[in-house]
Amino acid sequence: QVQLVESGGGLVQAGDSLRLSCAASGRTFSAYGMGWFRQRSGKEREFVGQITWRGGRTSYAESTKGRFTVSKDNAKNTVYLQIDSLNIEDTAVYYCAVQTAAAAPFGPWGQGTQVTVSS
């Protein structure tokens, strides 16, 4: 089993940048990749982007292309989500999750980290 801990959230101003971290422990060698999701108030959780542990291939939701960047540090078993030019609509709880195989459902999940963007 893989355990995930997100960090790096907080209160930021519109236009700022922020980098979230997702530290993985446990059976990380069995993971295919990691994904980032977010859940805005009153809305369903939505896919943001993902990265494979081997090769570092990334993919993004259409709505997040350009301002969101997923990266990783294999030595630290950590995946990052860089968000640039934050706007109020980015206010959400951000989660990371494991993907055990290509096209497999995501899980387990971290506890999430809150990002609040003020105008």
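What this report covers is the structure whose coordinates are included nearby. (Residues numbered from 1 in each chain as written. Predicted model: local features only at pLDDT ≥ 70, side-chain atom pairs only at ≥ 80, totals over all residues. Heavy atoms only, no water.)

Counted according to the given criterion, the structure contains one disulfide. Note on cysteine connectivity: Cys-22 is disulfide-linked to Cys-96, with sulfurs 2.0 Å apart. With the S-S bond torsion at 70°, the cross-link from Cys-22 to Cys-96 turns out right-handed. A residue pair is termed long-range when its members are at least 10 positions apart, and Cys-22 in strand β3 (residues 18-26) and Cys-96 in strand β9 (residues 92-99) qualify at 74 residues. What makes Cys-96 buried here is its relative accessible area of 1%. (Disulfide = S-S within 2.5 Å. Helix = DSSP H or I, 4+ residues; strand = E, 2+ residues; numbered from the N terminus. Buried < 20%, exposed > 50% of the residue type's maximum accessible area, 1.4 Å probe, protein only.)

As a further point, take the packing of aromatic side chains. Scanning the entire structure with this criterion turns up four aromatic pairs. Both rings, one in Phe-37 and one in Phe-47, keep their centres 5.5 Å apart while their planes meet at 70°; by these two values the pair is edge-to-face. With Phe-37 in strand β4 (residues 33-39) and Phe-47 in strand β5 (residues 46-52), this pair connects stretches of sequence that are 10 residues apart. We classify Phe-47 as partly exposed; its relative accessible area is 25%. One aromatic cluster is present, built from ring pairs that chain together Phe-37, Phe-47, Phe-106 and Trp-109. Taking NZ or CZ as reference, Arg-19 lies 4.0 Å from the ring centre of Tyr-80, over its face. The ring centre of Trp-109 lies 3.7 Å from the NZ or CZ of Arg-45, which sits over that ring. (Phe/Tyr/Trp six-rings, centres within 6.5 Å; stacked < 30°, edge-to-face > 60°. Lys NZ or Arg CZ within 6 Å of the ring centre and 35° of its normal.)

A few words on the pairing of β4. Among the seven residues in β4, six count as buried, and that is most of the element. Pairing of β4 with β5, which is carried by six bridges, proceeds in the antiparallel orientation. Its bridge partner being in β5, Arg-38 is matched across the sheet by Glu-46. The loop that links β4 with its antiparallel partner β5 comprises six residues; one of these, Gly-42, has a positive phi angle of about 80°. Where β4 lies against β9, seven bridges are found, and the strand directions are antiparallel. Of the residues in β9, the one forming a bridge with Phe-37 is Tyr-95. (Pairing = 2+ DSSP bridges.)

The next point concerns the sheet that holds β3. As a general point, the strands of a sheet are linked pairwise by backbone hydrogen bonds and lie either parallel or antiparallel. One open sheet holds the four strands; their spatial order is β1-β3-β8-β7, and the pairing between them is antiparallel. If you trace the sheet from one side to the other, it starts and ends with β1 (2-7) and β7 (68-73), each paired once. Pairwise comparison of adjacent strand axes, ignoring direction, gives a mean angle of 20° for this sheet. Summarising the sheet, β1 and β3 pair through six bridges and their orientation is antiparallel. Looking at the pairing, Leu-4 lines up with Ala-24 of β3. (Axes fitted to C-alpha atoms, helices over the stretch in contact; angles between N-to-C directions.)

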